[in-house]
Amino acid sequence: MYFEDSAKWLKDSNFLMVLIGLGLVYITFKVLKYTNKRGLLKERIRRKLGQVKENQNKLEQHLKNHDDPVIEKRKEIVQLDIEELLKKLQNGDLSCLEVLRAYQAKALDVTKELNCVTEFIKEAEKWAEELDASTDTKKTLHGLPFSVKDNVSVVGYDCTAGISKFIDQSAVEDAALVSALRGLGAIPFCRTNVPQTLLSFGCSNPIWGSTKNPFCKERTPGGSSGGEATLVAAGGSLLGIGSDIGGSIRIPAAFCGVFSIKPTSLRLSYKGFRKSAVGCIGIPSVPGILARDSKTVIMLCKLLLDDGYIRRYFDPDLLPIPWNEQIFGLSNKLRIGYYEECDYFPCTPGVRRAVRVAKEKLEALGHELIPFVPPRVDYVISSVISMFYADQGRYVLEALSVDDIDPLLVLQIKVALKLPHLVKQIIRPLLALIAPRLEPCFMAAAGHQYRHSYQLWHGILKQSEYKANFLADWRNLRLDTCIGPGFACPAPLAKDTGRVTPAFAYACLYNFLDLPAGIVPVTKEMEEDQNMLMNGGYDFRDLVCKLVKKTTRGATGLPIPVQVIGLPYQEEVVLRTMSILDSAFRV
C-alpha cells in the first residue's frame, strides 16, 4: 500500500510538474513576444524620429539666410492677414515660394520652442514652384500655406494619432479637405502634434513628445488639436485643419487664444481623417478650422461650401447644404442666449466674466441677450464618455497594448478603463462624497453603461429625446445663437490635464447634440479674477474643483474665450455672431 501511494503521489506530482512547466513555458513565450514587440516598436520610433530630424535639419539649412532684407521680408509676410497676403500673391507682389519659405522659417522657430510641428511636408516647395511657374488663372487661395493636424491624411505621411503602432502606415490618399484646399490653390506645408489616442485635452505622446502652450510653457495648449492651435497662435501658420469629437478643436483654440469652428456633422468632410474612437456611435467626429481671426475661418467655410464645392468634387456623402450668403449677410439684430456656467461644473471667475463682457458688447450693439442654461450636463458627460468607450475600451487598449502610456493618460487608461466595474461600484460611494463631479466620468469610462447592444440603442434613444427637448427650449425662446464658456477655466497646468476631466463638459455638450460651435477669444485672465478665485469666488468641497482652483492660480494673462453655438446646419449664423464679436473686441 505504501509503495502504491508513493507511486500515485509521484505520478500526480509529475503531472503537476508538467502543468507548471507548461505554464512557465507559456508565460516565458508571452513575455518574450511582448518584449520583442516592444523592442521593434522602440526601434520604429527611433527610425522615424531620425528621418524626421534629418529632413528638418535639411530644411533648416535650406532656409538659412543671413541677408537682412530677406529676413525682414519673411517677418513682414507672416504678419500679413489673409486678405493682404492673398492680394499680394494674386498680383505677383509675392511669389508662392517666398510665402512658403517665410512660414516654414517661422514654423521652425516656433516648434523649436514649443514642439508643435511633427513633420514638414517635403513636397510643399515643389508645389509652390509649380504654382509660380503656372500660366493658368490663379485660384482663390493661390499659394496660401496651411498646416494640418497629425490625424489628417496627406499622401506619403503617417497619421499616428500619437500611437506608435501607426508609424510606417503612410496615407495613400489626401483627406478630402486637403484635396479641396489644394484644389483652391493652397499648400499644406506641415503636420502638427496631438495627444496619444486623440482622446485628451492635453497634447503629448511617446512619439513626438509634449507641446507647450504659447502663453505659458508649463500649461497645456489643449487637445487634441493642440499642435495646430499652438502653431497658429504663435504665428507659424495662418490657418490650420483639425478635428473635433469632444472639444478637440475648440478647447485648444480656447487655451491658445485663436478662433475655431466645429461644424454640424456631414457639413464639411471628415473623409481621410484617422478617428480617435473607431466605430463610435452617437458622437460624430467632425473636421474644423483654426485661424488667427474670424474672417479667415469665414472665408474658408464659404469657399469649401460655396455651390457645394467640396461635396461635388471630393466627398459625395456630404449633405447637399451649400453656403447660404443670404443668412450670413443679414443685418437684423439677433436674439442670443447666454449662460455663465452650467448646472454640473462651476466656472472660474475669469471665465464667467468673459461671458458677461461678451454679453455687454452684444447688448451695446443692439442685440437681445436671453438667459439660457443647458440642463442635465452631468447626464451628457456620462453619456459622451460611455459612447466613446462603448466597446469597453477594447480599441484603445489594443492600440496601446505594447506602447508606452503617456503620463497624462495614466489615470484614464490604467485606472478608469482597466479597473473592474465591481471595484468601481465599491469605490463609487466614496467618490460621490469627495468628488461628486468626477463620479459620472469615472463610472462611464470603459463603457459599462453600454455592455449590450440594446443598452446602446436605449442610450441613443435617450440622446435623441434630450436633443429634442434642448431644441424645443431653444425655439421657445426664439434664439438665433447662444454664447457660453468653452471650458471651465483657462488653460490648466499640463501636469493636471488628466485630473480635471469634468471641466470639458462645456465643449463635449455640443458634440453630443451635434450642433455647430465656434470659439472667439474675448479677454484674458486678470488680477481681479485671480483675487476673486482665491478669496471666496471659487470655494467648493469637490476635489476636482479644488484642483481647478489650484491649477488656475497664476493664470494671469492667459486667453479666455466665449463659445458661440447655433442650430444644426446653421454655421452661417454662428460665423456671423463670431464676426460681430470679433469686430466688437477689436474696436
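Up top is the structure these notes are about.
So, a few notes on the structure that sits alongside this text. It should be emphasised that the depicted structure is a prediction, and the values quoted were computed from it without experimental measurement.

### Focus on the side chain of T523
- Inspection of the secondary structure puts T523 in strand 12 (residues 517–524).
- Within the structure, T523 has its side chain in polar contact with the side chain of R353 (distance 3.2 Å).
- If we ignore the near neighbours within four places in the chain, the residues touching T523 are R353, A354, L558, P559 and I560.

### A few points about the sheet that holds strand 6 (residues 239–244)
- Judged by pairing direction, the sheet is mixed, and its eleven strands sit side by side in the order 1-3-2-6-8-7-12-13-11-9-10 without closing on themselves. With partners counted over all chains shown, the strands left at the sheet margins are strand 1 (117–120) and strand 10 (368–371), one partner each. Pairs of neighbouring strands in the sheet enclose a mean axial angle of 30 degrees, with direction left out of account.
- Sheet topology places strand 9 (residues 335–338) next to strand 10; four bridges connect them, and they run parallel. Directly across from G337, in strand 10, lies its bridge partner I370.
- Its contacts with the sheet put helix 19 (residues 505–512) on strand 6, strand 7 (259–262), strand 12 and strand 13 (559–566), and the angle it makes with strand 13 is roughly 20 degrees.

### Points about the layout of surface pockets
- Its volume calculated, the largest pocket comes out at about 740 Å³.
- Residue lining of the largest pocket: 37 residues in total, with Q412, L438, C441, G498 and T501 positioned closest to the centre.
- Contributions of two or more residues to the lining of the largest pocket are made by helix 13 (377–388), helix 15 (410–417), helix 16 (421–434), helix 17 (439–444) and helix 21 (543–552).
- A class-by-class count of the residues in the lining of the largest pocket yields 26 nonpolar, ten polar and one charged.
- Taken as a whole, the second largest pocket holds about 470 Å³ of empty space.
- At the level of secondary structure, the elements contributing two or more residues to the lining of the second largest pocket comprise helix 2 (68–79), helix 7 (226–233), helix 9 (294–305), strand 12 and helix 22 (571–586).
- Among the residues forming the lining of the second largest pocket, the class breakdown is 13 nonpolar, seven polar and eight charged.

### Regarding the packing of helix 2 against helix 4 (residues 96–114)
- At a minimum axis distance of 9 Å, the contact between helix 2 and helix 4 shows a crossing angle of 90 degrees. Here helix 4 runs roughly perpendicular to helix 2, going by the angle between their axes. Of the residues in helix 4, those in contact with K73, R74, I77 and V78 of helix 2 are E98, V99, R101, A102, Y103, A105 and K106.
- Its residues placed into classes, the contact of helix 2 with helix 4 shows six nonpolar, no polar and five charged.

### Brief notes about helix 16
- Compared with the 20 Å implied by 1.5 Å per residue over 14 residues, the 19 Å span of helix 16 between its first and last C-alpha is a close match.
- In the structure, helix 16 departs most strongly from a straight axis at R428, where the bend amounts to approximately 45 degrees and where the proline P429 lies between one and four residues downstream.

### With respect to unusual backbone geometry
- Backbone torsion omega between G223 and S224 reads 15 degrees, so that peptide bond is classified as cis.
- Along the polypeptide, S224 turns up in the loop between strand 5 (209–210) and helix 7.
- Even without glycine at this site, N115 takes up a positive phi of about 55 degrees.
- With respect to the helices and strands, the residue N115 is situated in the loop between helix 4 and strand 1.
- Judged by its relative accessible area of 24%, N115 falls in the partly exposed class.

### Describing the nonpolar core
- In terms of nonpolar packing, the biggest core is built from 166 residues, with L85 and I483 touching the most fellow members.
- Among the elements that take part in this core, helix 4 stands out by supplying eleven residues, more than any other.
- In this structure L85 touches I77, L80, L94, V99, Y103, L144 and L238, once residues within four positions along its chain are discounted.
- Membership of the second largest hydrophobic core comes to eight residues, among which are A229, A253, C256 and L290.

### Comments concerning the packing of aromatic side chains
- Inspection of every chain in the model, using the stated rule, returns 18 aromatic pairs.
- Judged by centre distance (5.4 Å) and plane angle (55 degrees), the ring pair of W323 and F328 falls under tilted. Here the two residues W323 and F328 agree in accessibility, since each one is buried.
- Ring geometry for Y379 and F512: centres 5.7 Å apart, planes at 85 degrees, overall edge-to-face. Of this pair, Y379 sits in helix 13 while F512 sits in helix 19, and the two are 133 residues apart along the sequence. By the burial criterion, Y379 is buried, and F512 matches it.
- Put simply, the rings of F372, Y379, Y466, F470, W474 and F512 pair up and form one aromatic cluster.
- Above the ring of F585, the side-chain terminus of K361 is found at 5.4 Å from the ring centroid.

### Observations regarding the environment of R376
- With respect to the helices and strands, R376 occurs in the loop between strand 10 and helix 13.
- Each C-alpha atom, one on R376 and one on A233, is 34 Å from the other, the two residues being 143 residues apart in sequence.
- In this structure R376 touches D343 and Y466, once residues within four positions along its chain are discounted.

### Description of helix 12 (residues 349–364)
- Taking 1.5 Å per residue as the helical rise, helix 12 with its 16 residues ought to reach 22 Å, and the 22 Å between its terminal C-alpha atoms agrees with that figure.
- Once helix 12 ends, the next one or two residues include G366, with phi positive near 100 degrees.

### As for a nonpolar patch on the surface
- On the surface, L16, M17, V18, L19, I20, L22 and L24 cluster together to form a nonpolar patch covering roughly 680 Å² of accessible area.
- Summarising the element assignment, V18 is placed in helix 1 (residues 2–63).

### Overview of the packing of helix 13 against helix 19
- Where helix 13 meets helix 19, the closest approach of the two axes is 9 Å, and the angle between their N-to-C directions is 70 degrees. Between helix 13 and helix 19, the interaxial angle falls into the category roughly perpendicular. Crossing handedness for the pair helix 13 and helix 19: left-handed. Residues V377, Y379, V380, I381, S383, V384 and M387 of helix 13 touch helix 19, and the partners they reach there are A505, C508, L509 and F512.

### Digging into the state of the cysteines
- Counted under the stated rule, the structure contains zero disulfides.
- With no disulfide of its own, C96 lies 17 Å from the sulfur of C190, the closest cysteine sulfur.

### Some details on empty space enclosed by the protein
- Under the counting rule described, the total for this entry stands at four cavities of 30 Å³ or more.
- One number sums up the size of the largest cavity: a volume of about 70 Å³.
- At the level of elements, helix 8 (250–256) and strand 13 are the ones that each hand at least two residues to the lining of the largest cavity.
- The element that contributes the greatest number of residues to the lining of the largest cavity is strand 13, accounting for three residues.
- For the lining of the largest cavity, the residue count by class is ten nonpolar, one polar and no charged.

The rules we used
- Residues numbered from 1 in each chain as written.
- Predicted model: local features only at pLDDT ≥ 70, side-chain atom pairs only at ≥ 80, totals over all residues.
- Heavy atoms only, no water.
- Helix = DSSP H or I, 4+ residues; strand = E, 2+ residues; numbered from the N terminus.
- Polar contact = N/O pair within 3.5 Å; in protein donor to acceptor, adjacent residues only side chain to side chain.
- Contact = heavy atoms within 4.5 Å.
- Pairing = 2+ DSSP bridges.
- Axes fitted to C-alpha atoms, helices over the stretch in contact; angles between N-to-C directions.
- 1 Å grid on protein atoms, 1.4 Å probe; cavity = no way out; pocket = protein on both sides within 12 Å on 5 of 7 lines; lining within 4 Å.
- Points joined across faces, edges and corners; volume = space filled by probe spheres on them.
- Nonpolar A, V, L, I, M, F, W, Y, C, P; charged D, E, K, R; others polar.
- Parallel < 35°, antiparallel > 145°, perpendicular 65-115°, else oblique.
- Expected span 1.5 Å × (residues − 1).
- Bend = angle between axes of the 7 residues up to and from the residue.
- Buried < 20%, exposed > 50% of the residue type's maximum accessible area, 1.4 Å probe, protein only.
- Core = buried A, V, L, I, M, F, W, Y, C linked by side-chain atoms within 4.5 Å.
- Phe/Tyr/Trp six-rings, centres within 6.5 Å; stacked < 30°, edge-to-face > 60°.
- Lys NZ or Arg CZ within 6 Å of the ring centre and 35° of its normal.
- Patch = residues over 30% accessible without salt bridge, like charges linked within 9 Å, V, L, I, M, F, W, Y side chains within 5 Å.
- Areas by Shrake-Rupley, 256 points an atom, 1.4 Å probe, with all protein chains shown as cover.
- Salt bridge = Lys/Arg side-chain N within 4 Å of Asp/Glu carboxyl O.
- Left-handed = near helix turned anticlockwise from the far one by under 90°.
- Disulfide = S-S within 2.5 Å.

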